[in-house]
Amino acid sequence: MAFESLSERLNKAIKNISGQGKLTEKNMNDMLREVRMSLLEADVNYGVVKDFIERVKEKALGQEVLDSLNPSQMVVKIVHDELQELLGQSDAKLHLKPNGLSTIMMVGLQGTGKTTASAKIARFAKQKLKKRVLLVACDVVRPAAIEQLQTLGKQIDVEVFSLGAQTSAIETARKALQYANEHQKDLVIFDTAGRLHIDEELMDELKEMKEIVHPDDILLTVDAMTGQDIVTVAKEFNEQLQITGLVVTKMDGDARGGGLLSVRTITDVPVMFVSNGEKVEDLEEFHPDRMADRILG
Ligand code: GDP
């Protein structure tokens, strides 16, 4: 499970300091060194770790902490607060319109779990937000994607719109919007084509689709197992498409979590959902406060 090792190491570092009666600059520095190592080992971006440690240090060595009745507890709180700052201060929500037709574009590299996440979010929107959802198969590049979306659609009882692999993604998107309007849908989720690498052709198609769809949200799926690559991919997609949120997938694997911890600070794109399994129900809304609690358990 992601963060297991980070959590263990951080807690050990903190316990060390709480076990000692008096807080000195020396034991504080020892603790900070441990915290720094555990974040780097979890594959958190180097610059992010450096800033994190500096902020904790500045606050923790403040007179207010040293003079307080329970300095070690205050230090734990400082680490917790800074961790939460990395993850985001508040929950990032979908930007759907309260009335009328909303649209979401799902984008991401092939294999990151985009098609699966499209269905999971459709299920979430249907059950939790009471939306009448239409899923649209615009991944006409990967041969099995249309069928995969149709199978998932059946599982969650959400209609899937497709014009087959012979029709372009752009044409499919246009027709799907028309269909959604005619059939009183209030949310359309477009599963778009991925590529193995970011390339111009992919971005051009997505930009063109964005012009047509006017998405309320553009969600990027990133694979937790790729560590710091999340940041590189998110940066590139964000520059080109101005994405509104991330879906971090495969959090059930043994990802170290560093990508998730670095991404918001570096790209300023919030994590909205995490996916932790292959089944349609394996999706959670992302709550930064709960994640910080979980890491510091
Ligand atoms: P796409 O190419 O981005 O559309 O990726 P898919 O949705 O087809 O997913 C690629 C593979 O990853 C499939 O075998 C999925 O079942 C699997 N997958 C997707 N999300 C998760 C997840 O959160 N955890 C795990 N373990 N597998 C996932």
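Everything that follows concerns the structure shown earlier in this document.
Residues numbered from 1 in each chain as written. Predicted model: local features only at pLDDT ≥ 70, side-chain atom pairs only at ≥ 80, totals over all residues. Heavy atoms only, no water.

## Things to note about the overall build of the chain
Per the secondary structure count, the chain includes 12 helices and 8 strands. Considered along the principal axes of its C-alpha atoms, the chain spans approximately 70 × 35 × 30 Å. A buried classification covers 53% of the 297 residues belonging to the chain. Restricting the contact set of the chain to residue pairs at least 6 apart, pairs at least 24 apart contribute 76%. If you sum the accessible surface of the chain, you get close to 14100 Å²; carbon and sulfur atoms cover 47% of it. Looking at charge distribution, the chain has the averaged site of its 37 positive side-chain charges lying 3 Å from that of its 47 negative ones. (Helix = DSSP H or I, 4+ residues; strand = E, 2+ residues; numbered from the N terminus. Buried < 20%, exposed > 50% of the residue type's maximum accessible area, 1.4 Å probe, protein only. Contact = heavy atoms within 4.5 Å. Areas by Shrake-Rupley, 256 points an atom, 1.4 Å probe, with all protein chains shown as cover. Lys, Arg positive; Asp, Glu negative; His and termini not counted. Charge placed at Lys NZ, Arg CZ, Asp CG, Glu CD.)

## As for the site of the ligand
Not every one of the 16 residues close to the ligand is listed here, only the nearest: Gly 111, Lys 114, Thr 116, Ser 275 and Glu 278. Between the ligand and the protein, one listed contact pairs an oxygen atom with a backbone N or O atom of Gly 111 at 2.7 Å. Measuring from an oxygen atom of the ligand, one finds a backbone N or O atom of Lys 250 at 3.0 Å. For the shell around the ligand, the element with the highest residue contribution is helix α6 (residues 114-127), accounting for 3 residues. Of the residues in the shell around the ligand, the class split is 1 nonpolar, 10 polar and 5 charged. (Near = heavy atom within 4 Å. Polar contact = N/O pair within 3.5 Å; in protein donor to acceptor, adjacent residues only side chain to side chain. Nonpolar A, V, L, I, M, F, W, Y, C, P; charged D, E, K, R; others polar.)

## Structural notes on the packing of aromatic side chains
Enumeration over the complete set of coordinates arrives at 2 aromatic pairs. With 5.2 Å between their ring centres and 80° between their planes, Phe 124 and Phe 273 make a pair best called edge-to-face. You can see Phe 124 sitting in helix α6 and its partner Phe 273 sitting in strand β7 (residues 271-275), a full 149 residues away along the chain. The buried category is assigned to Phe 124, whose relative accessible area is 12%. Judged by centre distance (5.3 Å) and plane angle (50°), the rings of Phe 161 and Tyr 179 are tilted. With Phe 161 in strand β3 (residues 159-161) and Tyr 179 in helix α8 (residues 169-182), this residue pair connects regions lying 18 residues apart in the sequence. Tyr 179 carries the same exposure label as Phe 161, and that label is buried. (Phe/Tyr/Trp six-rings, centres within 6.5 Å; stacked < 30°, edge-to-face > 60°.)

## Side note on the pairing of strand β2 (residues 133-138)
Judged by how many residues are buried, β2 sits mostly within the fold: 6 of 6 residues are covered. Sheet topology note: the β2/strand β4 (residues 187-192) ladder contains 6 bridges and is parallel. The residue bridging Val 133 from the neighbouring strand is Leu 187, located in β4. Of the pairings in the sheet, the one linking β2 to β3 comprises 3 bridges and is parallel in character. Its bridge partner lying in β3, Val 136 is registered against Phe 161. Tracing the backbone out of β2, into helix α7 (residues 145-156) and back to the parallel element β3 gives a crossover that is right-handed. (Pairing = 2+ DSSP bridges. Right-handed = clockwise from strand over helix to strand, strands pointing away.)

## A few points about the pattern of salt bridges
In this structure the tally under the stated criterion is 21 salt bridges. Note that Asp 30 and Arg 33 form a salt bridge whose closest N and O atoms lie 3.6 Å from each other. One end of the pair, Asp 30, and the other, Arg 33, are both in helix α2 (residues 25-41), 3 residues apart, so they sit about a helical turn from each other. Its relative accessible area of 27% is what places Asp 30 among the partly exposed residues. The salt bridge partner of Lys 126 is Asp 157, with a shortest N-O separation of 3.9 Å. Taken together, the residues Lys 126 in helix α6 and Asp 157 in the loop between α7 and β3 connect sequence positions 31 residues apart. (Salt bridge = Lys/Arg side-chain N within 4 Å of Asp/Glu carboxyl O.)

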